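# Geometric and topological summary
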Amino acid sequence: MSNNSPIFKTATELSQDLQGGTVTSVDITQAMIDRIDAVDEQVHAFLHIDKEDALDQAKASDDRRAKGESLSPLDGVPVGMKDVIAVKDQPLTAASKILENYRSPYDATVVRKLKDAGAVVAGRLNLDEFAMGSSTENSAYGPTRNPWNLECVPGGSSGGSSAAVAAREVPLTLGSDTGGSIRQPASLCGVVGMKPTYGMVSRYGLAAFASSLDQIGPFSTTVEDAALLLEIISGHDSLDSTSYPTEVPNYSAELKNSSEPKVLGLPKEFFGPGMDDEVRASIDQVIEYYRSIGYQTKEVSLPTTDLSIPVYYVIATAEASSNLARYDGIRYTSRSERAENAIDVYAKSRGEGFGAEVKRRCILGAYALSSGYYDAYYLRAQKARTLIRQDFEKVFAEVDAILTPTSPTPAFKFGEKSEDPISMYLSDVYTISTNLAGLPGISVPCGLSSSGLPIGMQLIGKAFDESNLLQIANAYDREHLHGRQVPNL
Ligand code: GLN
């Protein structure tokens, strides 16, 4: 494949090439399809792609451009969707057998916004069933593989969205992040992934996992591209009552403003035992770099860090047990052929349709919400969640952003953690508290380990301070561009 192929370009470069008339959207989309045909048998990022529909959208974009009617910088640029984000008339399985035959009757708000911007919305990307997991091993349709090492997991739950960008199958994708599911797979696959502030991006049309934590966000190879995609999908939506009425800044334009050096907080609780030595060394280099461009760094403390995993696994499972009650063998889902009465319809359809991790979480969540235990678990977890948020507020009085690794280790091997749920849950130690506090976080690739696996750093920002967070992330990324390295496939 020539280095000049559209698949090696960033979305920003593709946008410029489209505007300059040196490439068409059909060229780009065809190159993407050819790449998927060439590598996806190995990577398995895609659960489905409607090639004809993608090419039709590309043709429509080219026709618009020929008439001088281009809709946005992303007009004609392909964007892939995690298979929990509704696209009208396309399948939505959430990587579950229970939704094997479901098709969405409407577009999610983020999809409508992308279509209004002229983007080519194409492909359904693999994940852990209902976004529950950190490795994509929980998909009912087989795991996605890490393009940097096919024996390793791509992270999860949005492993298809991160691997597809890393493998250069598509320049941009969307994922969802409830406890780290955008940032952790971005880190493990060597791409950029961002979780916006809770309320910044509409959740309408996202198959809910834990509604008070879920946010949709972008994957890309550069921070500049993440800004471009984020500004299109963000903004208030009357169809999501938790979406926040605020203006969406022009992130891309603000990224170009020269940013003043800032103050970065290094939470001492995150830099303790459990962090891989190479991850540590890589983050130390990032810290050195920021200092070299005039940033200050400051040790800070988030004393409730230890609480975040237990608190998350009470709140997230409680909300999941309630959200997943709708998949009942009557609406949306397949129905058990063995059902002989009404109770069977629920019990057998759910028993056959859900995988082990989803069942575990529904049972845990129902337990935490049950009347005898509600105060002991759910209510206490909510109180602890407030303390976690307050910890961040205190720290943000002193710093502009918090810098941490995204994941304690680089990508792990298949099977390494799948038999032990607790060790899997610990892969999200650095990302989960951001969701509990509702804050924006971004993972930026910052190098490769000695065995050639990507390492990512995480920056956490103040609520609705995406612009500042992107500027800080870009101050590093534009000088390093680790996400532009292409794995050998
Ligand atoms: N790995 C975490 C979990 O399994 C987070 C998942 C997510 O963010 N969707 O719950």
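Since the structure is predicted, the reported quantities are computational estimates derived from the model, not experimental observations. (Residues numbered from 1 in each chain as written. Predicted model: local features only at pLDDT ≥ 70, side-chain atom pairs only at ≥ 80, totals over all residues. Heavy atoms only, no water.)

## What about the site of the ligand?
Counted only if it meets this: Near residues are defined by distance, with any heavy atom within 4 Å of the molecule or strand qualifying the residue. Side-chain atoms alone can form a polar contact between residues adjacent in sequence; in general such a contact is a pair of N or O atoms within 3.5 Å, and within protein one must be able to donate a hydrogen while the other accepts it. With residues, only the protein chains shown are counted as cover, and all accessible areas are computed by Shrake-Rupley using a 1.4 Å probe. Only Asp, Glu, Lys and Arg are considered charged in this grouping, and only Ala, Val, Leu, Ile, Met, Phe, Trp, Tyr, Cys and Pro are considered nonpolar; every other residue, Gly among them, is considered polar.
Around the ligand lies a shell of 15 residues, among which Gly 179, Ser 181, Tyr 312, Arg 361 and Asp 428 are the nearest. Within the side chain of Tyr 313, an N or O atom sits 3.5 Å from an oxygen atom of the ligand. Arg 361 places a side-chain nitrogen or oxygen 2.7 Å from an oxygen atom of the ligand. Within the complex, the protein chains bury 100% of what would otherwise be the 290 Å² of accessible surface of the ligand. In terms of residue class, the shell around the ligand is built from five nonpolar, seven polar and three charged.

## Regarding the packing of helix H7 (residues 223-233) against helix H16 (residues 466-480)
For clarity, the threshold we go by: For every element, the axis is a line fit to its C-alpha atoms; helices are fit only across the contacting stretch, and the angle between N-to-C directions ranges from 0 to 180 degrees. Put simply, DSSP H or I for four residues or longer makes a helix, DSSP E for two residues or longer makes a strand, and each gets a number counted from the N terminus. Should an angle fall under 35 degrees it is called roughly parallel, over 145 degrees roughly antiparallel, and 65 to 115 degrees roughly perpendicular, with every other angle called oblique. Residue contacts follow a heavy-atom distance rule, with two residues in contact if any of their heavy atoms lie within 4.5 Å.
Remark: H7 packs on H16, axes separated minimally by 9 Å, with the N-to-C direction vectors making an angle of 155 degrees. As summarised for this structure, H7 and H16 are arranged roughly antiparallel, according to the angle between their axes. Residue-level inspection shows Val 223, Glu 224, Ala 227 and Leu 230 of H7 in contact with H16, the latter providing Glu 466, Leu 470, Ala 473, Asn 474 and Asp 477. Partitioned by chemical class, the residues of the contact of H7 with H16 number five nonpolar, one polar and three charged.

## Some thoughts on the sheet that holds strand S1 (residues 46-48)
Counted only if it meets this: Here the rule is simple: two strands pair whenever DSSP picks up at least two bridges between them.
Read across the open sheet, the 11 strands follow the order S1-S3-S2-S4-S6-S5-S10-S11-S9-S7-S8; overall the sheet is mixed. In this open sheet, the two edge strands, each paired with only one partner strand, are S1 and strand S8 (296-300). Neighbour-to-neighbour, the strand axes of this sheet turn through a mean angle of 35 degrees, independent of strand direction. Pairing analysis gives three bridges linking strand S5 (residues 192-195) to strand S10 (residues 441-448), with the strands arranged antiparallel. When the sheet's bridge partners are listed, Gly 193 is paired in S10 with Ser 443.

## Thoughts on a nonpolar patch on the surface
The following threshold applies: Distance thresholds for patches are 9 Å for like charges and 5 Å for nonpolar side chains (Val, Leu, Ile, Met, Phe, Trp, Tyr), applied to residues having over 30% relative accessible area and no salt bridge. Salt bridges are defined as contacts in which a side-chain nitrogen from Lys or Arg sits within 4 Å of a carboxyl oxygen from Asp or Glu. Working definition: with a 1.4 Å probe on protein chains only, accessible area under 20% of the residue-type maximum means buried, over 50% means exposed, and in between means partly exposed.
Taken together, Ile 330, Ile 343 and Tyr 346 make up a surface patch of nonpolar side chains, about 310 Å² in accessible area. By the element assignment, Tyr 346 lies in helix H11 (residues 342-353). For Tyr 346, a relative accessible area of 38% corresponds to the partly exposed category.

## Considering the environment of Gln 30
Tracing the backbone shows Gln 30 in helix H2 (residues 25-43). Sequence-wise, Gln 30 and Ile 7 are 23 residues apart; in three dimensions their C-alpha atoms are separated by 9.9 Å.

## A closer look at the state of the cysteines
Definition in use: Only a pair of cysteine sulfur atoms within 2.5 Å counts as a disulfide in this structure description.
In total, this model carries zero disulfides according to the counting rule given. For the unlinked cysteine Cys 189, the closest cysteine sulfur is that of Cys 152, found at 10 Å. By relative accessible area, Cys 189 is classed as buried at 1%.

## Observations regarding the side chain of Ser 407
Within the element layout of this structure, Ser 407 appears in the loop between strand S9 (401-405) and helix H14 (421-425). Here Ser 407 falls in the buried class, since its relative accessible area comes to 5%. Side-chain polar atoms of Ser 407 contact the backbone oxygen of Thr 409, separated by 2.9 Å. In this view, Ser 407 contacts Gln 184, Ser 187, Leu 188, Val 279, Ser 427 and Tyr 430; residues no more than four positions away in its chain are not counted.

## Quick notes on the pattern of salt bridges
In this structure the tally under the stated criterion is 21 salt bridges. For Asp 284, the salt bridge is made with Arg 280, and the minimal N-O distance between the two is 3.5 Å. Of this pair, Asp 284 and Arg 280 both sit in helix H9 (residues 277-292), four residues apart, roughly one helical turn. Classification of Asp 284 by relative accessible area gives partly exposed; the value is 31%. Judged by its relative accessible area of 32%, Arg 280 falls in the partly exposed class.

## Describing unusual backbone geometry
Cis rather than trans, the peptide bond between Gly 156 and Ser 157 has omega equal to 10 degrees. For Asp 89, which is not glycine, the phi torsion reads 70 degrees and is therefore positive. By the secondary structure assignment, Asp 89 is in the loop between strand S2 (78-82) and helix H4 (109-116). The exposure class assigned to Asp 89 is partly exposed, which follows from its relative accessible area of 46%. One non-glycine residue, Tyr 332, lies in positive phi territory at about 65 degrees. Within the fold, Tyr 332 resides in the loop between helix H10 (308-323) and H11.

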